[in-house]
Amino acid sequence: MFRRKLSALEYHNPTGFDCKDETEFRNFIVWLEDQKIRHYKIEERGNLRNIPSSEWPKHFEKYLQDVNCPFSVQERQESVDWLLGLAVRYEYGDNVEKYRNCKPATEANDAQKSADPLINLDINNPDFKAGVSALANLLKIQRHDDYLVMLKAIRILIQERLTPDAIAKASQAKEGLPVALDKHLLGFDTGDASLNEAARILRLLHIEELRELQTKINEAIVAVQAIIADPKTDYRLGKVGR
C-alpha cells in the first residue's frame, strides 16, 4: 500500500517493504528521517538509530509528536503513510525545478482520475473511517487495514446485489422446466413406486441446491479477486509544511 510513495522517494525496496517486520520498520524510520524528513539535527537522531533498544518505541512516539503526526505508535500503517506523505512534500520542496519540468499526465489519465469518485476523499478522516466500518459491519464485509479497499468492496456489493435492478432480478420467480422423472435413474429401489418417485424428486432438488451453492461460491471468488487484483491508488495526504 506504500509502493507509490516509496518509489517516488527512491526507497531501495518499494515493493517488498513490510512495516509489520519490527527490524525492517525501525531501519525504515531511521532512513526516512536521515534522508528525507531531517526534522532532527544529526546529533539528535541517536535514539532512533539505536534499533535494538527496548526504549525505541518510546523514542518513536516522541518523534511522531515532534513532527506533529496525528497518529500514534499503535496506528503503525497510518503513521507510516503520513510520514511518507510528509517526506514526499519535502522531496518536492527541495527539488521544485526538477519536478516542475516533469511531463503532465495524459488526458486519458486525467479523465480517469476525474471520473474516480474516491479521489477527493480524505481517508484519514475519523468520520470517514467510522462510516466505512459501520457500513462494512452492516453488510457483513470482511474488515481490511485499508479503508479505501473496504469502501470499494462495499461499492461492488451494492452494485451487484442491492441496486433496484439487482433486487428486482433476484425477486423474480424462477420458471421451471418440466422434468421426466422416469428418465432419471435413482440408483436403488425402495420397492414402492411412490417412494421411488419421491426419492427422485429429492435427488433433483438436492442437485439444484448444489448448483446454487457453486454459483454463490463462484460469485464470492470473483468478488474477492476483484478486490485483491484492483490496483490501489493511495490518495492519503499528511499535514502540509515542516
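In this text the structure is predicted, and so the values were computed from the model without any measurement.

1. Details of the overall build of the chain
- A count of helices and strands for the chain gives eleven helices and zero strands.
- The order of α-helices and β-strands along the chain, N terminus first, is α-α-α-α-α-α-α-α-α-α-α.
- The 242 residues of the chain split such that 29% are buried.
- Approximately 16,600 Å² of the chain is accessible, and the part contributed by carbon and sulfur atoms is 54%.

2. Quick notes on the confidence of the model for the chain
- Confidence along the chain averages 77 in pLDDT terms, with 73% of residues attaining 70 or more.
- No element of the chain has a lower mean pLDDT than helix α7 (residues 107-115), which averages 49, and none a higher one than helix α4 (residues 56-66), which averages 94.
- Taken as a whole, residues 232-242 scores under 50 in pLDDT and shows 35 contacts with residues more than four places along the chain or in a different chain.

3. A word on the nonpolar core
- Formed by 30 residues in total, the largest nonpolar core has its most connected members in F28, F60 and L83.
- Of all the elements in the fold, those that place two or more residues in this core are α2 (22-37), α4 and α5 (76-94).
- Sort the elements by how many residues they give to this core and α5 lands first, with seven residues.
- In contact with L83, other than residues within four places in its own chain, are I29, L32, I37, F60, Y63, L64 and V67.

4. Remarks on the pattern of salt bridges
- Tallied over the full model, the rule gives ten salt bridges.
- Of the charged contacts, one joins K58 and E55 as a salt bridge, the two residues approaching to 2.8 Å between their closest N and O atoms.
- One salt bridge connects D66 with K62, and the closest N-O pair in it is separated by 2.9 Å. Of the two residues, D66 and K62 both sit in helix α4, four residues apart, roughly one turn of that helix.
- A residue is classified by how much of its surface remains accessible, and D66, at 26% relative accessible area, is partly exposed.
- By relative accessible area, K62 is classed as partly exposed at 45%.

5. Examining the side chain of K36
- As for its position among the elements, K36 is in helix α2.
- Among the residues examined, K36 registers a relative accessible area of 11% and is labelled buried.
- Engagement of the side chain of K36 in a polar contact is seen with the side chain of E91, the distance being 3.4 Å.
- When near neighbours in sequence (up to four residues on either side) are disregarded, K36 contacts L9, W31, A87, Y90 and E91.

6. Observations regarding a nonpolar patch on the surface
- On the surface, L210, L213, I217 and I221 cluster together into a nonpolar patch covering about 340 Å² of accessible area.
- When you line up the elements, I221 lands in helix α11 (residues 193-229).
- Overall, I221 belongs to the partly exposed group, its relative accessible area being 42%.

7. Here's the deal with unusual backbone geometry
- For E10, which is not glycine, the phi dihedral falls at a positive 60°.
- Here the phi dihedral of R38 falls at roughly 55°; this positive angle occurs in a residue that is not glycine.
- With respect to the helices, strands and loops of the structure, R38 is situated in the loop between α2 and α3 (46-49).

What counts and how
Residues numbered from 1 in each chain as written. Predicted model: local features only at pLDDT ≥ 70, side-chain atom pairs only at ≥ 80, totals over all residues. Heavy atoms only, no water. Helix = DSSP H or I, 4+ residues; strand = E, 2+ residues; numbered from the N terminus. Buried < 20%, exposed > 50% of the residue type's maximum accessible area, 1.4 Å probe, protein only. Areas by Shrake-Rupley, 256 points an atom, 1.4 Å probe, with all protein chains shown as cover. pLDDT = per-residue confidence, 0-100. Contact = heavy atoms within 4.5 Å. Core = buried A, V, L, I, M, F, W, Y, C linked by side-chain atoms within 4.5 Å. Salt bridge = Lys/Arg side-chain N within 4 Å of Asp/Glu carboxyl O. Polar contact = N/O pair within 3.5 Å; in protein donor to acceptor, adjacent residues only side chain to side chain. Patch = residues over 30% accessible without salt bridge, like charges linked within 9 Å, V, L, I, M, F, W, Y side chains within 5 Å.

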